[in-house]
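An overview of the molecular structure
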Amino acid sequence: MPERVGRVFAAGPPAAILLYTLALDMMLGWPRANSKAEAAFMPKRYATLPELGRLTGRGDTANVEVVLATCPDLLFDYGTTEGGHRDGAGRA
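So, a few notes on the structure that sits alongside this text. (Residues numbered from 1 in each chain as written. Predicted model: local features only at pLDDT ≥ 70, side-chain atom pairs only at ≥ 80, totals over all residues. Heavy atoms only, no water.)

1. Thoughts on the overall build of the chain
Across its full length, the chain holds 5 helices and 2 strands. For the chain, the sequential pattern of α-helices and β-strands runs β-α-α-α-α-β-α. At a minimum sequence separation of 6, the contacts of the chain that also span at least 24 residues come to 42%. Just so you have it, the chain exposes about 6400 Å², and 58% of that area is on carbon and sulfur atoms. (Helix = DSSP H or I, 4+ residues; strand = E, 2+ residues; numbered from the N terminus. Contact = heavy atoms within 4.5 Å. Areas by Shrake-Rupley, 256 points an atom, 1.4 Å probe, with all protein chains shown as cover.)

Shown next, in the form of C-alpha cells:
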C-alpha cells in the first residue's frame, strides 16, 4: 500500500459508488459510462469521467493496458465475497 493515495481505480460498480461517496476526487473513472439520468444527479466533472471497465463481477470489461495507463495508486473493490468472487481472489 502506498504511503499516499491520490488516484484510485474502482474495480466494479459497488466500489465506484462507495468511492464516489467517500473520495470522489480520487476517482479515475467509472466501470461503465453514466446514463443521462444518472449524470443529472452529479457534477459534470464527475459524471463525465471516462468509462474504464470493470475488473470484477460478471463480464469483466477492463483492459489491462487501460488500467495501467491510468497510473492508479490503488485498485479498490467493494462488494460480495460469496461464490465466484472468493474463488477468483483465491486464484489471483
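Now that the structure has been shown, the text picks up again.
2. Details of the nonpolar core
One finds V8, A10, A15, A16, L19, Y20, M27, W30, M42, Y46, A47 and L49 forming the largest nonpolar core, which totals 12 residues. Elements with a minimum of two residues in this core: β1 (8-10), α1 (13-23) and α3 (44-47). Ranked by residues supplied to this core, first place goes to α1 with 4 residues. (Core = buried A, V, L, I, M, F, W, Y, C linked by side-chain atoms within 4.5 Å. Buried < 20%, exposed > 50% of the residue type's maximum accessible area, 1.4 Å probe, protein only.)

3. Description of the environment of M42
Tracing the chain through its elements places M42 in the loop between α2 (36-39) and α3. For M42, a relative accessible area of 15% translates into the label buried. Between the alpha carbons of M42 and Y20 there is a distance of 9.9 Å; along the sequence they are 22 residues apart. Setting aside residues no more than four positions away along its own chain, M42 makes contact with Y20, W30, N34 and A47.

4. Some remarks on α1
When α1 is considered as a whole, its buried residues turn out to be A15, A16, L19 and Y20. All buried residues of α1 lie within an arc of 135° about the axis, which places them on one face of the element. What points out from α1, more than 90 degrees from its buried face, is the exposed set I17, T21 and L22. Residues of α1 that are buried in the fold lie against β1, α3 and β2 (74-76). (Arc of directions from axis to C-beta.)

5. Remarks on the side chain of N34
On the secondary structure map, N34 appears in the loop between α1 and α2. In this structure the side chain of N34 is engaged in a polar contact, spanning 3.2 Å, whose partner is the backbone oxygen of A47. In this view, N34 contacts A39, M42, Y46 and A47; residues no more than four positions away in its chain are not counted. (Polar contact = N/O pair within 3.5 Å; in protein donor to acceptor, adjacent residues only side chain to side chain.)

6. Some details on the packing of aromatic side chains
Scanning all chains against the criterion turns up 2 aromatic pairs. Judged by centre distance (5.7 Å) and plane angle (40°), the rings of Y20 and W30 are tilted. Here Y20 is found in helix α1, whereas its partner W30 is found in the loop between α1 and α2, with 10 residues between them in sequence. An angle of 75° between the planes, with centres 6.3 Å apart, marks the rings of Y20 and Y46 as edge-to-face. With a gap of 26 residues between them, Y20 in helix α1 and Y46 in helix α3 connect regions that are remote in the sequence. The burial state of Y20 is the same as that of Y46; both residues are buried. (Phe/Tyr/Trp six-rings, centres within 6.5 Å; stacked < 30°, edge-to-face > 60°.)

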